[in-house]
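Structural characterization, general
Chain residues, written in single-letter form:
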Amino acid sequence: RGEGVPPLSPRLYPGDAYDPASEVVICTSGQESLNAALRACVSEQVSRGGRDGVIVFEPYFPFTQGALDNAPAVMQPVRTHAPGFAIDAAALRAAVTPRTGTVLLNSPHNPTGHVASEAELAAVAEVCVEHDLLAVSDEVYEHAVFGEGCRHRRLCDVPGMRGRTITVSSAGKLFSLTGWRVAWALAPARLATAVASAHTNLTYSAPTPLQAGIAAALREEDGSFGGVAQLFGANFELLATALREHRGLTVCDAQGGYFLVADAGVPDIDFVRSLAAECGVVCTPMSVFYADQDRSESCTLVRFTICKSREHIHRACAALAGRRGRRERVAGTLEM
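Scope of this entry: the structure provided in the associated data block.

Scoring rules and cut-offs
Residues numbered from 1 in each chain as written. Predicted model: local features only at pLDDT ≥ 70, side-chain atom pairs only at ≥ 80, totals over all residues. Heavy atoms only, no water. Buried < 20%, exposed > 50% of the residue type's maximum accessible area, 1.4 Å probe, protein only. Helix = DSSP H or I, 4+ residues; strand = E, 2+ residues; numbered from the N terminus. Pairing = 2+ DSSP bridges. Right-handed = clockwise from strand over helix to strand, strands pointing away. Core = buried A, V, L, I, M, F, W, Y, C linked by side-chain atoms within 4.5 Å. Contact = heavy atoms within 4.5 Å. Axes fitted to C-alpha atoms, helices over the stretch in contact; angles between N-to-C directions.

Structural notes on the pairing of strand β5 (residues 134-138)
For β5, the buried fraction is high: five of the five residues fall into the buried class. The alternating pattern of β5 places Leu134, Val136 and Asp138 and Ala135 and Ser137 on opposite faces, both of which are buried. The pairing of strand β4 (residues 100-106) with β5 spans five bridges and is classified as parallel. Each bridged residue has a counterpart across the sheet, and for Val103 the counterpart in β5 is Ala135. The β-α-β motif built from β4, the intervening helix α4 (residues 118-131) and the parallel element β5 has right-handed crossover chirality. Two strands pair when backbone bridges link them, and β5 and strand β6 (residues 165-170) are joined in this way by four bridges, in the parallel orientation.

Here we look at the nonpolar core
If you look at soluble globular proteins, the nonpolar side chains tend to sit buried side by side. Formed by 77 residues in total, the largest nonpolar core has its most connected members in Ile166, Leu239, Leu260, Val281 and Phe304. In this structure Leu260 touches Phe236, Leu239, Ala240, Leu243, Val251, Val302, Arg303, Phe304 and Ile306, once residues within four positions along its chain are discounted.

Thoughts on the sheet that holds strand β8 (residues 250-251)
Pairing in this open sheet of four strands is antiparallel, and the strands run β8-β9-β12-β11 from one edge to the other. Sheet topology places β8 and β11 (284-285) at the edges, where each strand pairs with a single neighbour. Bridge analysis of β8 against strand β9 (residues 259-263) gives two bridges, and the strand direction is antiparallel. When the bridges of β9 are listed, Val251 appears paired with Ala262.

Section: the sheet that holds β6
Pairing is mixed in the open sheet, where seven strands are placed in the order β1-β7-β6-β5-β4-β2-β3. Edge strands, defined here as strands with exactly one partner in the open sheet, are β1 (24-27) and β3 (74-79). Here the average twist between neighbouring strands, direction ignored, is 20°. Note: β6 against strand β7 (residues 183-186), four bridges, orientation antiparallel. Note that in β7 the partner of Ser169 across the bridge is Trp184. Running at roughly 165° to β4, α4 makes contact with β2 (53-58), β4 and β5 of the sheet.

Keep in mind that these numbers describe shape and distance, not what the molecule does.
Take a look at the structure:
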């Protein structure tokens, strides 16, 4: 059932903002929801004039390219910059061409941890309305906002965006159950129908027993989601301190999400290799999060993971400080 089992669909958005019968599509994972949402938007925009371009903010999760290929669509990257990775409204506006039909937003953001502000969402909305663009808003990290005074805001709630936005979220992220492949897309009825059609051709149905389980979890949830925002925020601070004090890295700002980005001051791949060899801590070179492959020659940014247990973070901090025991060295690397 693309519309979801009856106990699940009505619980996915506060209040009565979306009709469970016509504006909610239950999918098999956030990744499938994203694929279906992009396919729906591109299909509508191509039918209205060949507008197969999708604006994507760089850096971006590498699976995005595959989702665009499946749509099929053409990426139109708009780069954001360290240390804050804020959306540049002027750069966004300049990226729009006659080919542009859709904007893809991810907030909280993977890999940077940036949470879009009210002003940034307003800027995205202004461009979408002015150029009659659709939007896909990937909000799977919505529960993991830890920046002081910061909160998650939905793009669909900005004036003018309710009828042109598909919002993607994921139970796997909400409840830290990534093996439970249940997610959803919220959209106006015409776009939800298109998402459901794409979903039917991708996986057909999310597992019914897991949908029932997620419905029960949502029914009991008090909004804290196990305190993951507080855990990840504290993990961020612990790891950031260790990276600054023991490795001399410049840590970039973040307000949420699962990751920490830092500037190593040397080519990212060289740093990743040397860090793993020296202390067994493994991070990800940020060059893989950019469309321009030449970026790999100049990128000095690396990504660490903060969605770990506190024990894991403490072990990583000890390793960064050179205090890793012989038994731990023999056991292997610490993936971050």
